[in-house]
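Close look at the chain arrangement
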2 protein chains.
Amino acid sequence: MLSPLRQTDHAPTATGPFGFTGPCLRHARDEEIFSEGDSADYIYQVISGSVRTCRLLRDGRRQIDEFHLAGDYFGIEAGDLHRVTAEAMADTTVRMVRRGALSDLAAQRADVARALFRLTAEGLQRSQDHVLMLGRKSARERVVGLLVDLAERTGAQSELDVPMSRQDMADYLGLTIETVSRTLTQLQSDGVIALPTTRHIVLRDRAALRRLGD
Amino acid sequence: MLSPLRQTDHAPTATGPFGFTGPCLRHARDEEIFSEGDSADYIYQVISGSVRTCRLLRDGRRQIDEFHLAGDYFGIEAGDLHRVTAEAMADTTVRMVRRGALSDLAAQRADVARALFRLTAEGLQRSQDHVLMLGRKSARERVVGLLVDLAERTGAQSELDVPMSRQDMADYLGLTIETVSRTLTQLQSDGVIALPTTRHIVLRDRAALRRLGD
DNA sequence: CGTGAGTTTGAAGGGAATCAAGACTAGTGG
DNA sequence: CCACTAGTCTTGATTCCCTTCAAACTCACG
């Protein structure tokens, strides 16, 4: 499940997948890249590191919309403003592409317009998978789903380095941090994963995991 | 919340908002328009009636992805196959636009490419709102959110005709039919809505509803 | 006026949340 | 290099919101 929002058919090049380069910017861990309500002047590509996009309710409840890994694009909007906040989950480099320039280029080159559509539609697919997960899956299915998704997207075989905290996992999965922790511990005692350190997870039985993720 | 996936700036015309017409097809209540896994050869616009798009897990759990009302587009995909099933919720007329033709037109006309992008990005926005709702909101907040969204999209003042069954509401909201029913009854005894018939809901206090939907 | 699908209501149970410690772990500075 | 410390994570006990199971009700339709 959860196919990645990435341009997998084009390795990031000097000129970038849209045919021109944008400036690259470094962000320290937990630094904000843009905020909900900011003017959406750029779209972004993760060059290295990883990014979370999230939304906050007035009372502090947080929902992480998506984790963006190296290669992924984020910050694409229909309107003029960003509707989510983007923060670096580790020291991260992002390429910034000016939206106006991209829009102009898309107006001239059909392949660019097509790539932009594809990127957006893939984001929609991932969001739909997320909806299914949050609406109809158990805590265990959600946690397993996230692990399998991360493994697929990073190309990990069985050694998985997770870029996010337990709190981030919880806020992505619509659970609490305690439930995420308990579920991981349970998966470990079931023998399908091992947890040598908090940010490193060994997938010991991928077939079983695929079954549990439903 | 939940801005509609519609072309609000173009009233549906004889030629359609993409500048050309497609054939219109009628579907009876509960009839399938396309199914998960079908080849995505068309995109669709609801002319009259309403449509649900949903996904099914192997064990029968169902998640409704979106309700599509008159004017809305649905069936837009990044890949070659439909990833959801679309069914008419009432007797419904849909316009079918051949995907290949649309893709060709988008390659020639930047305004069409732009409209297609916008439609997709708006669908993504709505899906993100849905994620927030399912991940972090209570049953009451979800039900109120749906009612307010439907009222906004249909332009209803206080008299709201809901096109879907309680089961559909439950499967959209990630709840059970019993919880939806109880929540509506509770909202009625709180005086913020009235339920003269099952498919007709009176919004008696929109300010209170906006607060409760949070 | 029966008949049945859809809906509402009730009672009981369960999965995840909440509340509360305790155990790591990763920095920090001596 | 190694305590010290703050933040993160895990574990435990309890609570609660929603689900499940069950039955009654409503209303459209023959």
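Criteria and thresholds
Residues numbered from 1 in each chain as written. Chains lettered and ligands numbered in written order. Predicted model: local features only at pLDDT ≥ 70, side-chain atom pairs only at ≥ 80, totals over all residues. Heavy atoms only, no water. Near = heavy atom within 4 Å. Polar contact = N/O pair within 3.5 Å; in protein donor to acceptor, adjacent residues only side chain to side chain. Helix = DSSP H or I, 4+ residues; strand = E, 2+ residues; numbered from the N terminus. Nonpolar A, V, L, I, M, F, W, Y, C, P; charged D, E, K, R; others polar. Salt bridge = Lys/Arg side-chain N within 4 Å of Asp/Glu carboxyl O. Buried < 20%, exposed > 50% of the residue type's maximum accessible area, 1.4 Å probe, protein only. Domains from an automatic or database assignment. Buried area = accessible area lost by both parts, 1.4 Å probe. Expected span 1.5 Å × (residues − 1). Core = buried A, V, L, I, M, F, W, Y, C linked by side-chain atoms within 4.5 Å. Contact = heavy atoms within 4.5 Å. Pairing = 2+ DSSP bridges. Axes fitted to C-alpha atoms, helices over the stretch in contact; angles between N-to-C directions.

**Description of the protein's contact with DNA strand C**
Near DNA strand C lie 15 residues; those nearest to it are A:Ala139, A:Thr179, A:Arg182, B:Ser181 and B:Thr185. Sugar and phosphate atoms represent 67% of those atoms of DNA strand C found within 4 Å of the protein. One of the side-chain N or O atoms of A:Glu178 is found 3.0 Å from a base nitrogen in DNA strand C. A distance of 2.8 Å is found between a phosphate oxygen of DNA strand C and a side-chain nitrogen or oxygen belonging to B:Ser181. Within the residue set of the surface near DNA strand C, elements represented by two or more residues are helix H5 (177–189) of chain A together with helix H5 (177–189) of chain B. The element best represented in the surface near DNA strand C is H5(B), accounting for 4 residues. Taken together, the residues of the surface near DNA strand C break down into 2 nonpolar, 8 polar and 5 charged.

**Some details on the protein's contact with DNA strand D**
In the vicinity of DNA strand D lie 16 residues, with A:Ser181, A:Thr185, B:Ala139, B:Thr179 and B:Arg182 positioned nearest. Counting only atoms of DNA strand D within 4 Å of the protein, the fraction found in sugar and phosphate groups is 64%. Take A:Ser181: an N or O atom from its side chain is 2.8 Å from a phosphate oxygen of DNA strand D. B:Arg182 has a polar side-chain atom sitting 2.8 Å from a base oxygen of DNA strand D. Elements with a minimum of two residues in the surface near DNA strand D: helix H4 (166–173) and H5 of chain A together with H5 of chain B. Here the element with the most residues in the surface near DNA strand D is H5(A); it accounts for 4 residues. When the residues that make up the surface near DNA strand D are grouped by side-chain class, the tally is 2 nonpolar, 9 polar and 5 charged.

**As for the pattern of salt bridges**
Any two side chains of opposite charge can pair if their charged atoms end up close together. Residue and element names in this part refer to chain A. Per the counting criterion, the structure on display carries 42 salt bridges over all chains. Notably, a salt bridge pairs Glu66 with Arg153, separated by 3.8 Å at the nearest N-O pair. On the criterion of sequence distance, the pair formed by Glu66 in strand E5 (residues 62–68) and Arg153 in helix H3 (residues 139–154) is long-range, its members being 87 residues apart. Each member of the pair, Glu66 together with Arg153, is buried.

**What to know about the domain arrangement of chain A**
Residues and elements named next belong to chain A. Examined at the domain level, chain A breaks down into domain 1 (24–134) and domain 2 (137–212). For domain 1 versus domain 2, the distance between C-alpha centres works out to 24 Å. Between domain 1 and domain 2, roughly 1,500 Å² of surface is buried when both sides are summed, and carbon and sulfur atoms account for 52% of that area. Among the residues domain 1 hides against domain 2, the three largest losses belong to Phe67, Leu69 and Met133. Together they make up 41% of the total. Our count for the domain 1 to domain 2 interface comes out at 6 salt bridges.

**Some words on helix H2 (residues 110–136) of chain B**
Along its 27 residues, H2(B) runs 39 Å from first to last C-alpha, staying within 8% of the 39 Å computed at 1.5 Å per residue. Within H2(B), 23 of the 27 residues are buried, leaving the element largely enclosed by the surrounding structure.

**A look at the nonpolar core**
If you look at the biggest cluster of nonpolar residues, it comprises 32 residues, and the most contacted ones within it are A:Leu147, A:Leu160, A:Leu173, A:Leu184, A:Ile193, A:Ile201 and A:Leu203. Within the residue set of this core, elements represented by two or more residues are E5, H3, H4, H5, strand E10 (193–197), strand E11 (200–203) and helix H6 (206–212) of chain A. Looking at which element gives the most residues to this core, the answer is H3(A), with 7 residues. Counting only domains with at least three residues in this core, you end up with domain 1 (24–134) and domain 2 (137–212) of chain A. Those residues within four positions of A:Leu184 in sequence are excluded, and the remaining contacts are A:Val143, A:Leu147, A:Arg166, A:Met169, A:Ile193, A:Leu195 and A:Ile201. Counting residues in hydrophobic clusters, the runner-up holds 31 residues, among them B:Met89, B:Val162, B:Met164 and B:Tyr172.

**Considering the interface of chain A and chain B**
Taken residue by residue, the interface counts 43 residues in chain A and 43 residues in chain B. In total, about 4,000 Å² of surface goes out of reach between chain A and chain B, with carbon and sulfur atoms giving 54% of it. Summed over the shared surface of chain A and chain B, the result is 11 salt bridges. Two residues, A:Asp129 and B:Arg83, come together in a salt bridge whose shortest N-O distance is 2.8 Å. On inspection of chain A and its partner chain B, the count reaches 24 residue pairs in polar contact (both at pLDDT 80 or more).

**Observations regarding the sheet that holds strand E2 (residues 32–34) of chain A**
Residue and element names in this part refer to chain A. Spatially, the 4 strands line up as an open sheet ordered E2-E7-E4-E5, and their pairing is antiparallel. Every other strand in the sheet has two partners, leaving E2 and E5 as the edge strands with one partner each. Neighbour-to-neighbour, the strand axes of this sheet turn through a mean angle of 30 degrees, independent of strand direction. Sheet topology places strand E4 (residues 51–56) next to E5; 6 bridges connect them, and they run antiparallel. Looking at E5, one finds that Arg55 is bridged to Gln63.

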